[in-house]
Amino acid sequence: MNIVVCMKETPSTTAEKSFSPDMRLERRKEDAIPNPFDEYAIEEGLRQQEKHAGSTVTILCMGPATATDTVRKALAMGGDRGVLVSDDALAGSDAISTAHVLAAALKKIGFDLVIFGNAAADAYGGIVPSATAELLGAPLLSYASKLDVDGSTATIERQADIGYNTVAAPMPTLVSVVKAINEPRYPSMKGIMASKKKPLDTFALADLGIDPATVGAAGAREKALSAEKVSTQRKGEIFIGNEGAADRVVAFLVEQKVL
Amino acid sequence: MDFTLSAEQQMIRDLCRDFAENEIKPHAEEMDRTSAFPYAIIRKMGNLGLLGLPFPEEYGGAGADFLSYCLALEEIGRGDAAVGITMEAHTSLGATPFHLFGSEAQKQRYLTKLATGEQLWAFGLTEPGAGSDSAGTETHAELHDGTWRINGAKNFITNAGTEMTGGVTITAVTGRQADGHKEITNLIVPQGTPGYSIGNPYHKMGWRASDTRPLAFEDCEVPVENMLGARGEGFRQFMHILDLGRVAIAALSVGLAQACYDEALAYSRERRQFGKPIAAFQAIQFKLADMAMEVELARLMYYKAGWLHMQGQPFGKEASMAKLFASETAKRAADQAVQIHGGYGFMDEYPVSRYWRNVKVHEIGEGTSEVQRMLIAKQL
Ligand SMILES: Cc1cc2nc3c(=O)[nH]c(=O)nc-3n(C[C@H](O)[C@H](O)[C@H](O)COP(=O)(O)OP(=O)(O)OC[C@H]3O[C@@H](n4cnc5c(N)ncnc54)[C@H](O)[C@@H]3O)c2cc1C
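Because the structure is predicted, anything quoted here is derived from the model rather than measured.

As for the overall build of chain A
- The helix and strand inventory of chain A stands at 8 helices and 11 strands.
- Expressed as lengths along the three principal axes of its C-alpha atoms, the size of chain A is roughly 70 × 50 × 40 Å.
- Per-residue burial over chain A gives 44% buried out of 259 residues.
- Accessible surface, chain A: about 13700 Å² in total, of which carbon and sulfur atoms supply 53%.
- Here chain A carries 28 positive and 33 negative side-chain charges, and the mean point of each set is 4 Å from the other.

Notes on the interface of chain A and chain B
- Chain A puts 14 residues into the contact, and the matching count from chain B is 20 residues.
- Together, A:Tyr186, A:Met189 and A:Met193 form the three largest contributors to the area buried by chain A at its contact with chain B, with a combined 51%.
- Here chain A is connected to chain B by 2 salt bridges.
- If you look at where chain A meets chain B, you find 4 residue pairs in polar contact (both at pLDDT 80 or more).
- Looking at the side of chain A that touches chain B, the elements with two or more residues in it are α2 (68–77) and α5 (189–195) of chain A.
- In terms of residue count, the dominant contributor to the side of chain A that touches chain B is α5(A) (5 residues).

A closer look at the packing of aromatic side chains
All names here are of chain B.
- Applying the stated criterion across every chain yields a total of 14 aromatic pairs over all chains.
- Consider the rings of tyrosine 196 and phenylalanine 217, whose centres lie 5.0 Å apart with planes at 0°: the pair is stacked. With tyrosine 196 in strand β6 (residues 196–198) and phenylalanine 217 in strand β7 (residues 212–223), this residue pair connects regions lying 21 residues apart in the sequence.
- You can call tyrosine 196 buried: its relative accessible area is 8%.
- Under the relative-accessibility criterion, phenylalanine 217 is labelled buried at 2%.
- Among the aromatic residues, those joined into a ring-pair cluster are Phe98, Tyr110 and Trp121.

Describing helix α1 (residues 7–34) of chain B
Residue and element names in this part refer to chain B.
- Its 28 residues place the ends of α1 38 Å apart at the C-alpha level, agreeing with the 40 Å of an ideal helix rising 1.5 Å per residue.
- The largest bend in α1 is about 50°, located at isoleucine 24, with the proline proline 26 one to four residues further on.
- Serine 35, located one to two residues past α1, shows a positive phi value of around 55°.

Structural notes on the domain arrangement of chain B
All names here are of chain B.
- The assigned domain composition of chain B is domain 1 (7–119), domain 2 (122–232) and domain 3 (236–378).
- On a C-alpha basis, the centroid separation for the pair domain 2 and domain 3 is 31 Å.
- Across the boundary between the two partners, domain 2 contributes 14 residues, which contact 11 residues of domain 3.
- In total, about 1100 Å² of surface goes out of reach between domain 2 and domain 3, with carbon and sulfur atoms giving 65% of it.
- When the buried surface of domain 2 facing domain 3 is broken down by residue, Ser132, Met205 and Trp207 rank first, second and third, together holding 48% of it.

Notes on the packing of α1(B) against helix α9 (residues 351–359) of chain B
Residue and element names in this part refer to chain B.
- Where α1 meets α9, the closest approach of the two axes is 11 Å, and the angle between their N-to-C directions is 65°. The angle between α1 and α9 places the two elements in the roughly perpendicular class. The handedness of the crossing between α1 and α9 is left-handed. Seen from α1, the contacting residues are Lys25, Ala28, Glu29 and Asp32; seen from α9, they are Arg354, Tyr355 and Arg357.
- Its residues assigned to classes, the contact of α1 with α9 shows 2 nonpolar, no polar and 5 charged.

Conventions used here
Residues numbered from 1 in each chain as written. Chains lettered and ligands numbered in written order. Predicted model: local features only at pLDDT ≥ 70, side-chain atom pairs only at ≥ 80, totals over all residues. Heavy atoms only, no water. Helix = DSSP H or I, 4+ residues; strand = E, 2+ residues; numbered from the N terminus. Buried < 20%, exposed > 50% of the residue type's maximum accessible area, 1.4 Å probe, protein only. Areas by Shrake-Rupley, 256 points an atom, 1.4 Å probe, with all protein chains shown as cover. Lys, Arg positive; Asp, Glu negative; His and termini not counted. Charge placed at Lys NZ, Arg CZ, Asp CG, Glu CD. Contact = heavy atoms within 4.5 Å. Buried area = accessible area lost by both parts, 1.4 Å probe. Salt bridge = Lys/Arg side-chain N within 4 Å of Asp/Glu carboxyl O. Polar contact = N/O pair within 3.5 Å; in protein donor to acceptor, adjacent residues only side chain to side chain. Phe/Tyr/Trp six-rings, centres within 6.5 Å; stacked < 30°, edge-to-face > 60°. Expected span 1.5 Å × (residues − 1). Bend = angle between axes of the 7 residues up to and from the residue. Domains from an automatic or database assignment. Axes fitted to C-alpha atoms, helices over the stretch in contact; angles between N-to-C directions. Parallel < 35°, antiparallel > 145°, perpendicular 65-115°, else oblique. Left-handed = near helix turned anticlockwise from the far one by under 90°. Nonpolar A, V, L, I, M, F, W, Y, C, P; charged D, E, K, R; others polar.

Below, the structure written as structure tokens:
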């Protein structure tokens, strides 16, 4: 089975964020990490590979030229090779442009199963998996909390608030996964040392036959207007008194779904 | 001059930082309270390859460079010093002698199990009568019919008595050299060898979850091939091992100093007195500035000592400087971290009280601060 995991490079969640005047996130190489949501996708790809002998796992990333280091970080967890799509004309791409590029790269690489995280920790758009599926004319099994591949069918459980659905699609298919699906492994020391020896191809737009005018800032239809920090002011509620305070605390915790 | 770490070095450091944060730190308080050896954590570290970082892949190691190993130790030590010293004593003192001086057969037999973390190994140099004066070894061994018969005692030996321990390499007097000095040879004593007994673990001020034991040898017999390297090479071998170990202890100390600084900085921003966070007071800011500066300097010194070693250049003086400065930096950092916490810092609930207890031994193990100063002075 030819498994491809799409991975975005994002700034570390703890890194200070800053924006250029045209509202692009300023990316610093030293803060770059694989999108934390995509670690679940990588882990799932590796688990499927372990279950299905003879499978290969490719890490596919669209990002700046320096993202090779981030692809290698993903390859330290496992996988056979990396593909980075990088081109100066891609800077400022919106989600639809990204989907165009990933779809073109996936066609070029070939795939049976494509796994995505369900969003990227920086932009949080969450539509790249569905847009890519649409452009490829392939099914998308979204928000998977469990994935089984059997012959030519992929079956997922989709987690909902009070239960889950079981949904199946014929292969080749795309899947997006949620955190509940697995516990991503730590890269082993051997994995880290091996990651630099794994093949990593870089494609430019020309390699994928994409017109630069249709992607990047030139082709973007979405525009970020502003970015504000969430106020981290703690909203405390104080329950006083012997009578009923404990019950109210319990009721509050139940309401917050803590209990 | 380029201070950039390689991609692998960064990955190893970041992984160890995550591992320490998620898998070690949450258990540190309990480990200290119960003094229970952290088997689950050590096994996980073995599976990730953290117990064989600087050894070649052909012997089960990760094939990382020496600085990567030190970076890893810093991060693990930042999570917990007892776990850090377990990793350090196993790698630097236990496994490295096999890597550097072992025969091919010994590497296959011992190093492969140590590098994968299947077993831990100890190094026994210190004796009741031979501490700083490490050449004062009294444990002795005589060769009879292809068998070494060992008699003597060792104390304060790390990793000697865990369920995972495969054995100990000890220094023993095996005769006299032509100049009258003791001839010292390193001998491999596997767990379970008749005549080798391992005492109960010591009750310690810090590093509590690490395993430290007294050892006794009474007509303990091992075959002649359990000699590490050549007869009479023991002194030269352990001097080299200790030089390397000092860079590692420096890294571990930087991790502990960093942990003190992390806690102190966070607490100073939270704790309010006189209507402000205490971090707003210059007296506190200056302490934090000193801590940040010294941690960075100590880190640079172990980087340099490690780098010299990787370049194949002499690094003994720099190793002593790194160990001395880093351990004393960690001591000052622990002291100031408790001070910044006020009375809370004196309470067991706050990690800085544990850091303060842990840090003392960093100025003692693998050569006291006095010994480091003597070694530096000798090389001026
Ligand atoms: C937790 C722990 C783990 C350890 N693990 C190991 C291990 O795995 N393997 C191992 O072999 N050893 C181990 N040690 C032993 C450690 O290396 C020794 O404790 C250390 O070298 C000091 O020796 P000592 O305790 O006998 O002190 P001493 O040598 O008796 O020193 C007492 C004091 O005198 C000072 N002093 C001694 N000689 C001089 C001098 N010439 N000039 C000035 N001052 C001097 C010392 O600096 C010190 O302040 C461990 C120790 C501890 C506490």
